[in-house]
Amino acid sequence: MPKNSKVTQREHSGEHVTESVADLLALEEPVDYKQSILNVAGEAGGKQKAAEEELDAEDRPAWNSKLQYILAQIGFSVGLGNIWRFPYLCQKNGGGAYLVPYLVLLIIIGIPLFFLELAVGQRIRRGSIGVWHYVCPRLGGIGFSSCIVCLFVGLYYNVIIGWSIFYFFKSFQYPLPWSECPVIRNGTMAVVEAECEKSSATTYFWYREALDISNSISESGGLNWKMTLCLLVAWSIVGMAVVKGIQSSGKLDKMLDPQVWREAATQVFFALGLGFGGVIAFSSYNKQDNNCHFDAALVSFINFFTSVLATLVVFAVLGFKANIMNEKCVVENAEKILGYLHTNVLSRDLIPPHVNFSHLTAKDYTDMYRVIKAVKEDRFSALGLDPCLLEDELDKSVQGTGLAFIAFTEAMTHFPASPFWSVMFFLMLINLGLGSMIGTMAGITTPIIDTFKVPKEMFTVGCCVFAFFVGLLFVQRSGNYFVTMFDDYSATLPLTVIVILENIAVAWIYGTKKFMQELTEMLGFRPYRFYFYMWKFVSPLCMAVLTTASIIQLGVTPPGYSAWIKEEAAERYLYFPTWAMALLITLIVVAALPIPVVFLLRHCHLLSDGSNTLSVSYKKGRMMKDISNLEENDETRFILSKVPSEAPSPMPTHRSYLGPGSTSPLETGGNPNGRYGSSYLLAGTPESEL
């Protein structure tokens, strides 16, 4: 205690002393509040808890460099969806016109919410569970729901990486195994596999050799052992990368149609990883003065331009494939016409004089096709001739797995040195998938480890083993249909709800003005007012409309999937059976259930939110404010949100000191370390000095 303190001057006298905490602090050595931590504990063991949290924060891993962190965030956000889902949506929804709703939603929803998640993770330095408990204890279930959604996505996402691994190893041979249809030999006879002949070599290899797919989701067909081994390899790689630590992440590298806007919003969420918790987990390892506003803008636009670039490449590849398939169609149908000419089914007068069958062009075939169709109108269908239009081939491009594993492989068979390009392509897919997968796993492991203090290595290995065995569901012969269920339905709706509640928790419960003030203190500058209006009004309103549209869409159009029918060698859209619908609804409910459960438990005081405790620390080095355990209307919550130099003391204004050896009326029985009831002490100062 300072020698000129009122307490020290009168300590040995019998005079009653009344002194404020402000008086005490005024006589202490100057403290740089921006470089220190206040410790006030109003509960038994409060000081010990604060010390443990402080030690945990000091021991928290950190990024080796800014570049490593940016690469990790880019690796998480730029994933397999940029290569196949975004190009498909562009092709499906009007080409370049789709970029307009996507860019609008990226600006009014994507970037503001990406910045929000980066900021809260960096500010609070915890995973998603700790962050949302801090912001609003009654909405603490958001963090648990994020973990469940991450688990759902990780289960099937790693299966896709396993498919890429399978193709990667199959690429080390010439010719590529999907370049030609297999030939079945029966004695002296050799015939082409019927399923392959009806479709194509690449389609056959994907559905039959790789997936060995069944005709419907109801036909399990048993495990596909090849894909089971690839899934094991994928989970082993992910497990080792996550156990190694965060550093490994940075080293992988129809405008008015409401459906278009809904799909664009979903793509924004998936593209930036919003609601998964991975963004929060990565940013929690940053220093608090890191410029996360710059990071949000940089990663968002890199993601956008990567998607656009990937779309251009995909369209170029699909255009190349369409030209090849169109030429093949022309040749096959020209041979049919020659056959009809030789058998006098068709008259040679029907062939335009400029047509040369030795050098037949697509235009020549089109002219010939139109003449024959006009003359043989009543019997034309019996000839079995195709129009061979390039536009039809371009419209056959498919979504998701089909785009990467059918269209790209088809195009690569026509490249010179095709095995090399195939190896490079699937190596790229593996790296893109692993970058996103590690971020997804961080969305599970970081909040659980932060909250429950479980051993990282043991928990990570346990998660990977558990996920591998559950993931066997996706490597059955019907597994691809379960991938569709999880990707298109089970994760999308809960994810949208999570993102909406994140926005509401910060903007309307914690307070947008308060959050902006804390960002100003943390960043050293005030973010643009644009974010205030987006967080407060525009983003939640847009997301509410889009969520309503998604629910209506599910009610109007029953969920289904594209099944590959072996006998027809073609896809057919089927609705999910009753049991699959029950499973789908269960998954959605399970993902969203923690939010209302935690809310009700804390609202009914069945689960403590620590609202009767106060733990804040001052320690030379940096400043941390722990207000997660305060009620919204608690005066101290408002006090702690201010700059320390401007805030009134969180203690009562005056306190009676009754003399040496006496007990203060404010002293708590469970706090042996504090002579004064609130156990107020400067961390790093020996207790004897008090």
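Residues numbered from 1 in each chain as written. Predicted model: local features only at pLDDT ≥ 70, side-chain atom pairs only at ≥ 80, totals over all residues. Heavy atoms only, no water.

1. With respect to the state of the cysteines
Here is step 1 of the chain: Counted by the stated rule, this structure contains 2 disulfides.
Here is step 2 of the chain: The residue that forms a disulfide with Cys 329 is Cys 388, at a sulfur-sulfur distance of 1.9 Å. Sign of the S-S torsion, about -75° for the bond between Cys 329 and Cys 388, identifies this disulfide as left-handed. Placement of Cys 329 in helix H15 (residues 292-342) and of Cys 388 in the loop between helix H17 (380-383) and helix H18 (390-395) is noted, with a sequence separation of 59 residues between them.
Here is step 3 of the chain: Overall, Cys 329 belongs to the buried group, its relative accessible area being 12%.
Here is step 4 of the chain: Looking at Cys 388, the relative accessible area reads 7%, which means it is buried.
Here is step 5 of the chain: Across the protein chain, the disulfide pattern expressed with sequentially numbered bonded cysteines is 1-2, 3-4. (Disulfide = S-S within 2.5 Å. Helix = DSSP H or I, 4+ residues; strand = E, 2+ residues; numbered from the N terminus. Buried < 20%, exposed > 50% of the residue type's maximum accessible area, 1.4 Å probe, protein only.)

2. Points about the UniProt feature "binding site: Na(+)" (unreviewed entry) in the protein chain
Here is step 1 of the chain: Feature annotation in UniProt assigns "binding site: Na(+)" (unreviewed entry) to the following positions: Gly 75, Val 78, Asn 82, Asn 303, Leu 432 and Ser 436.
Here is step 2 of the chain: By secondary structure assignment, the location of Gly 75 is in helix H4 (residues 66-77).
Here is step 3 of the chain: According to the relative accessible area criterion, Gly 75 is buried, its value standing at 4%.
Here is step 4 of the chain: Setting aside residues up to four positions removed in sequence, Gly 75 forms contacts with Leu 432, Gly 435 and Ser 436.
Here is step 5 of the chain: One can find Val 78 in the loop between H4 and helix H5 (80-83).
Here is step 6 of the chain: Overall, Val 78 belongs to the buried group, its relative accessible area being 8%.
Here is step 7 of the chain: Leave out the neighbours within four places in its chain, and Val 78 touches Ala 271, Asn 303, Thr 306, Leu 432 and Ser 436. (UniProt positions renumbered as here; feature names shortened; annotations may be inferred. Contact = heavy atoms within 4.5 Å.)

3. Digging into the pairing of strand E6 (residues 570-575)
Here is step 1 of the chain: Two elements, strand E5 (residues 560-565) and E6, share 6 bridges in a ladder whose sense is antiparallel. In the strand pairing of E6, Ile 565 is matched with Ala 570.
Here is step 2 of the chain: Linking E5 back to E6 in an antiparallel pair, the connection comprises 4 residues, with Ala 569 at a positive phi of about 50°. (Pairing = 2+ DSSP bridges.)

4. Some remarks on the packing of helix H7 (residues 99-124) against helix H24 (residues 529-556)
Here is step 1 of the chain: Packing of H7 against H24 brings their axes to within 9 Å, and their N-to-C directions diverge by 115°. Seen along the crossing, H7 lies across H24 with a hand that is left-handed. Residue-level inspection shows Leu 105, Ile 107, Ile 108, Ile 109, Ile 111, Pro 112, Leu 113, Phe 115 and Leu 116 of H7 in contact with H24, the latter providing Phe 530, Tyr 531, Met 534, Trp 535, Val 538, Ser 539, Cys 542, Met 543 and Leu 546. (Axes fitted to C-alpha atoms, helices over the stretch in contact; angles between N-to-C directions. Left-handed = near helix turned anticlockwise from the far one by under 90°.)

5. A closer look at the side chain of Ser 77
Here is step 1 of the chain: Its place among the elements puts Ser 77 in helix H4.
Here is step 2 of the chain: By relative accessible area, which is 3% here, Ser 77 ends up buried.
Here is step 3 of the chain: For Ser 77, the contacting residues outside a window of four places in its chain are Asn 82, Ala 271, Leu 272, Val 299 and Asn 303.

6. As for the pattern of salt bridges
Pairs can form between side chains of opposite charge whenever their charged atoms are close.
Here is step 1 of the chain: Tallied over the entire structure, the rule returns 7 salt bridges.
Here is step 2 of the chain: For Arg 208, the salt bridge identified is with Glu 195, shortest N-O distance 3.1 Å. Of this pair, Arg 208 sits in helix H11 (residues 201-210) while Glu 195 sits in helix H10 (residues 194-198), and the two are 13 residues apart along the sequence.
Here is step 3 of the chain: Across the pair Arg 477 and Asp 212 runs a salt bridge, and its minimum N-O distance is 3.7 Å. (Salt bridge = Lys/Arg side-chain N within 4 Å of Asp/Glu carboxyl O.)

7. Here's the deal with helix H12 (residues 225-244)
Here is step 1 of the chain: The end-to-end C-alpha distance of H12 is 29 Å, a good match for the 28 Å that 20 residues give at a rise of 1.5 Å each.
Here is step 2 of the chain: Listed as buried for H12 are Met 227, Thr 228, Cys 230, Leu 231, Ala 234, Trp 235, Val 238, Gly 239, Ala 241 and Val 242.
Here is step 3 of the chain: On its buried face, H12 sits against helix H9 (141-170), H11, helix H20 (418-452) and helix H21 (456-471).
Here is step 4 of the chain: Sitting at the head of H12, Asn 224 places a side-chain oxygen 3.2 Å from the backbone nitrogen of Lys 226. (Expected span 1.5 Å × (residues − 1). Polar contact = N/O pair within 3.5 Å; in protein donor to acceptor, adjacent residues only side chain to side chain.)

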